[in-house]
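Listed below, chain by chain, are the residues.
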Amino acid sequence: DAGVTQSPTHLIKTRGQQVTLRCSPKSGHDTVSWYQQALGQGPQFIFQYYEEEERQRGNFPDRFSGHQFPNYSSELNVNALLLGDSALYLCASSLGPIAGPSTDTQYFGPGTRLTVL
Amino acid sequence: AQSVTQPDIHITVSEGASLELRCNYSYGATPYLFWYVQSPGQGLQLLLKYFSGDTLVQGIKGFEAEFKRSQSSFNLRKPSVHWSDAAEYFCAVGTSNNAGNMLTFGGGTRLMVKP
C-alpha cells in the first residue's frame, strides 16, 4: 500500500518564477492538504482540497493556488516566487470530512524542498 | 483561533532515560490533538492522536501522551529513550468540521540522545 508521494524531491527556482508541486494521496484517501514548513519552524496550513474544490485556506496570499484532479491527486502552484517562499512543502492526505474526526487523520508525504534564489 | 506552544526548543537526554516533551494548546472547543515525529529531511510520521475518551493515549514506538483539559496540555512521554528517537517532535491541534480537518502545529522540539 503506497503512502503519500510527492514530486519533485528538490527544486531550485529564481525570484519571480512560477513553480508546480505534485502530490498523490494514500490509497483510499480523497482529501489533500498542503503545508509550508520554513527552516526551523512547524508546518503551516496552506489549503485543503476535497471533491476537486478548495475547502479551507490558511493565511497565504493568492500567489498560492492549487488543484485537485478526479483521481484525488493534487498540485500546488506558487506564482511570482519570493525568497521567503523557500521551504519544505508537505502534502498530507486523509479520508476527509465524511470520515468524522476520529478517523480523519492526516498522513504526510516526504515533502518537496523548494529553494528560491 | 487555535494555537500550540511547545516551550522546549531543544532537549537532550541520555539513552535509556525517560522523556517528557511539553505541549500546550489553545482552542475554544474540544481539541483533537496529535503528536508527529520528523527525522532530518523527512516528512511527518504520526505517533499518536487523541479525539475523546481515555485521556492517556498509547502510540507507536513506545510513546504515550496524556490529555489534561484543566492545564490545556498534551505532553508526550517515553519511559526509556533509544538513540533512534533523536528527531524533531511536533504537537498539533486539529479543527474538524464539515470542511475537514486542518492542523495547527507548534514550533517543534528537537530531541538529541546522548550515548
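In case you missed it, the structure is sitting above this.
Residues numbered from 1 in each chain as written. Chains lettered and ligands numbered in written order. Predicted model: local features only at pLDDT ≥ 70, side-chain atom pairs only at ≥ 80, totals over all residues. Heavy atoms only, no water.

*Asks:* Explain the layout of surface pockets here, please?
*Replies:* With a probe scaled to a water molecule rolled over the atoms, the places where space remains empty come into view. Taken as a whole, the largest pocket spans an internal volume of roughly 290 Å³. Lining the largest pocket are 19 residues; nearest its centre among them are Gln37 and Gly40 of chain A together with Gln38, Glu88 and Arg110 of chain B. Of the residues contributing to the lining of the largest pocket, the split by class is six nonpolar, ten polar and three charged. In terms of lining, the second largest pocket is formed by Pro43, Gln44, Phe45, Gly58, Asn59 and Phe60 of chain A together with Met102, Leu103, Thr104 and Phe105 of chain B. Broken down by secondary-structure element, the contributors of at least two residues to the lining of the second largest pocket are strand S5 (44–50) of chain A together with strand S11 (100–105) of chain B. Partitioned by chemical class, the residues of the lining of the second largest pocket number six nonpolar, four polar and no charged. (1 Å grid on protein atoms, 1.4 Å probe; cavity = no way out; pocket = protein on both sides within 12 Å on 5 of 7 lines; lining within 4 Å. Points joined across faces, edges and corners; volume = space filled by probe spheres on them. Nonpolar A, V, L, I, M, F, W, Y, C, P; charged D, E, K, R; others polar. Helix = DSSP H or I, 4+ residues; strand = E, 2+ residues; numbered from the N terminus.)

*Asks:* Is there a simple way to explain the side chain of Thr104 of chain B in this structure?
*Replies:* All names here are of chain B. By secondary structure assignment, the location of Thr104 is in strand S11. Overall, the relative accessible area of 19% leaves Thr104 in the buried class. Of the polar contacts made by the side chain of Thr104, one reaches the side chain of Gln2; its length is 3.1 Å. In this structure, Thr104 is in contact with Gln2, Ser3, Val4, Cys91, Ala92 and Val93, ignoring residues within four places of it in sequence. (Buried < 20%, exposed > 50% of the residue type's maximum accessible area, 1.4 Å probe, protein only. Polar contact = N/O pair within 3.5 Å; in protein donor to acceptor, adjacent residues only side chain to side chain. Contact = heavy atoms within 4.5 Å.)

*Asks:* Looking at this structure, I do not really get the interface of chain A and chain B. What am I missing?
*Replies:* Interface size is often expressed as the accessible area that is lost when the parts come together. Contacts between chain A and chain B engage 23 residues on the former and 23 residues on the latter. Interface area, chain A with chain B, both sides summed: about 1800 Å², of which 53% is carbon and sulfur. At the boundary of chain A with chain B, the tally comes to zero salt bridges. Our enumeration of links across chain A and chain B arrives at four residue pairs in polar contact (both at pLDDT 80 or more). When residues of the side of chain A that touches chain B are traced back to their parent elements, those giving at least two are strand S4 (31–37), S5, strand S6 (53–57) and strand S9 (87–94) of chain A. Partitioning the side of chain A that touches chain B into residue classes produces nine nonpolar, twelve polar and two charged. (Buried area = accessible area lost by both parts, 1.4 Å probe. Salt bridge = Lys/Arg side-chain N within 4 Å of Asp/Glu carboxyl O.)

*Asks:* Any chance you could explain unusual backbone geometry here in plain terms?
*Replies:* Put simply, Ser7 of chain A and Pro8 of chain A share a cis peptide bond, and its omega is -10°. Locating Pro8 of chain A in the fold gives a position in the loop between strand S1 (5–7) and strand S2 (10–13). The phi dihedral of Glu51 of chain A is positive, around 50°, even though this residue is not glycine. One non-glycine residue, Ser72 of chain B, lies in the positive phi region at around 50°. For Ser72 of chain B, the position within the fold is in the loop between strand S8 (64–68) and strand S9 (73–78).

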